[in-house]
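Fold and geometry: a report
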Amino acid sequence: MFARSAVRALAQPSARLFSSTASRNFKVAVLGAGGGIGQPLSLLLKSDHLVTGLSLYDIRGAPGVAADVSHVDTASEVNGYAADQLDEALQGANVVVIPAGVPRKPGMTRDDLFNTNASIVRDLASSIARVSPDAHILVISNPVNSTVPIVAKTLEKAGTFNPKHLFGVTTLDVVRARRFLAETVGAHPSETPVTVVGGHSGPTIVPLISQSPRGNEVKGEKYHALVHRIQFGGDEVVKAKDGAGSATLSMAYAGAKFTNSLLRGLSGEKGVVTPTYVRSPLFEDQGVDFFSSNVELGRDGVEKIHPLGPLSPEEQKLLEACLPELKKNIEKGKNFVQ
Ligand code: NAD
Ligand code: LMR
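What counts and how
Residues numbered from 1 in each chain as written. Chains lettered and ligands numbered in written order. Predicted model: local features only at pLDDT ≥ 70, side-chain atom pairs only at ≥ 80, totals over all residues. Helix = DSSP H or I, 4+ residues; strand = E, 2+ residues; numbered from the N terminus. Rg over C-alpha atoms; globule rule 2.2 N^0.38 Å. Buried ≥ 20, exposed ≤ 12 C-beta atoms within 10 Å, placed from the backbone. Contact = placed C-beta atoms within 7 Å. Near = placed C-beta within 6 Å. Domains from an automatic or database assignment. Axes fitted to C-alpha atoms, helices over the stretch in contact; angles between N-to-C directions. Parallel < 35°, antiparallel > 145°, perpendicular 65-115°, else oblique. Left-handed = near helix turned anticlockwise from the far one by under 90°. Nonpolar A, V, L, I, M, F, W, Y, C, P; charged D, E, K, R; others polar. Expected span 1.5 Å × (residues − 1). Pairing = 2+ DSSP bridges. UniProt positions renumbered as here; feature names shortened; annotations may be inferred.

Right, let's talk about the overall build of the chain for a bit. The helix and strand tally for the chain stands at 12 helices and 11 strands. Whereas a compact globule of 338 residues would reach a radius of gyration of roughly 20 Å, the chain reaches 19 Å, a difference of no more than 12%. Across the 338 residues of the chain, 51% fall into the buried class. Within the chain, contacts between residues at least 6 apart in sequence are counted, and of these 70% link residues at least 24 apart.

So, in structure tokens, the structure goes:
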């Protein structure tokens, strides 16, 4: 859906979408805009007509990226901010997207990034709490299972945590699942939507293939191979990039797609539902208080957290493997801020 609207927007600066659904102006800040994800994400956000202001911040390179992206002929205004200008970058932001932090190299897990990225994310969250406490925060930095609880705890300590405004971006898992299922059954990706629940690392990624219209065509070994590819799709890219980082372009696409869904919800569009990792009651009784499932996005962010729906016996097993791992990741994040 994003791709079609983005292409239309690029082709037609005064696209219908702009006048019919944009009931507000949205300023979006990208923290980490100079990076592998940040640059293409900034470009895609520049081509989203729901974005009217784009604020690009990084500890290096953001003014250059902003100057470049600002020449794209869409209406939004772009500003770049240097390392000492975080407060200015956050001023008036409705949405803050965070891809700041280090990516994996071959042989590393996402959890191996914790030591570096936890403090980056915590410090950025402190600034958001102070400068733009009402902003909707979209966390891309890994390990997402832990960085989202870190942001929540940091905001909680500052007295500004609103669970309706905090999202872990798990859209890349959804994008991959749709694409890989389409390849497996020989269909167009539009016919193979897949809800992916849980978290964003290996066994915490739980694709609900049985709920997809073409999902039940995949059985036995093929099913297990498909699940494995969705759970470990990130490793495929890390290995192919051979030390030069992890997924950036597909992640920028996924990040822009999720941002567009959120902005459509904030604009008042009804029925915008997509998986995202949020403060969730679904498995709270098992000590898992952050979980990704289908979430309806509305004028104030999280409108409704949907239950998982019917699971196959295989999916039930995947969920059982996910929950204890996710619980550990969440506790690790929370303990970091204590
Ligand atoms: P990158 O190294 O190319 O870019 C990261 C950027 O963050 C750099 O430009 C760096 O200067 C900047 N940065 C570092 N500290 C900062 C700070 N305090 N404030 C502002 N900017 C800061 O890395 P990348 O490939 O863009 O990946 C970024 C993160 O996204 C990694 O943690 C990666 O694991 C994660 N990621 C998540 C997903 C997902 O599905 N959620 C997908 C891919 C990558
Ligand atoms: C991904 O899923 O591609 C990202 O989380 C990056 C990674 O480390 O694999």
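For the rest of this paragraph, the subject is the site of ligand 2. Residues in contact with ligand 2, as listed here, are P103, R104, R110, N142, L172, G234, V237, V238, S246 and A247. The greatest single-element share of the shell around ligand 2, amounting to three residues, is contributed by helix α10 (residues 233-241). Looking at the shell around ligand 2, you find at least three residues from each of domain 1 (23-168) and domain 2 (171-337).

Here helix α8 (residues 171-185) crosses helix α9 (residues 220-231) at 150 degrees, and the two axes come no closer than 9 Å. In terms of orientation, α8 and α9 fall into the roughly antiparallel class. Judged by the sense of rotation from one axis to the other, the crossing of α8 with α9 is right-handed. In contact with D173, R176, A177, F180, L181 and T184 of α8, α9 contributes K222, L226, R229 and I230.

Moving on: the site of ligand 1. Around ligand 1 there are 32 residues in total, and G35, G36, I37, A100 and N142 lie nearest to it. Sorting elements by how many residues they give to the shell around ligand 1 places helix α6 (residues 114-131) first, with three residues. A per-class count over the shell around ligand 1 returns 16 nonpolar, 13 polar and three charged. When residues are assigned to domains, the shell around ligand 1 turns out to be shared by domain 1 (23-168) and domain 2 (171-337), each giving three or more.

Okay, the domain arrangement of the chain next. Split into domains, the chain comes out as domain 1 (23-168) and domain 2 (171-337). Contact with domain 1, which involves 44 residues of that partner, is made by 43 residues of domain 2. Secondary-structure elements contributing two or more residues to the side of domain 1 that touches domain 2 are α3 (38-46), β4 (95-98), α6, β5 (136-139), α7 (144-158) and β6 (166-168). In terms of residue count, the dominant contributor to the side of domain 1 that touches domain 2 is α7 (11 residues). Looking at the side of domain 1 that touches domain 2, its residues break down into 26 nonpolar, nine polar and nine charged.

Between its first and last C-alpha atoms α8 spans 21 Å; for 15 residues at 1.5 Å apiece the expected length is 21 Å, and the two agree. Within α8, burial applies to T171, L172, D173, V174, V175, R176, A177, R178, F180 and L181. If you follow the buried residues of α8, they end up packed against β7 (195-198), β8 (205-208), α9, α10, α11 (249-266) and β9 (272-283). One or two residues past the end of α8 sits G186, with phi positive at roughly 70 degrees.

A separate point is the pairing of strand β11 (residues 301-305). Relative to β11, strand β10 (residues 288-298) is paired through four bridges, and the arrangement is antiparallel. The residue bridging L297 from the neighbouring strand is V302, located in β11. The hairpin formed by β10 and β11 contains two residues between the paired strands.

Moving on, we come to the UniProt feature "domain: Lactate/malate dehydrogenase N-terminal" (unreviewed entry) in the chain. The feature "domain: Lactate/malate dehydrogenase N-terminal" (unreviewed entry), as annotated in UniProt, sits at residues 27-168 in this numbering. Annotation note: span residues 27-168, helix share 39%, strand share 18%, distance between end C-alpha atoms 19 Å.

The omega torsion of the bond from N142 to P143 falls at -5 degrees, within 30 degrees of zero and hence cis. Along the polypeptide, P143 turns up in the loop between β5 and α7.

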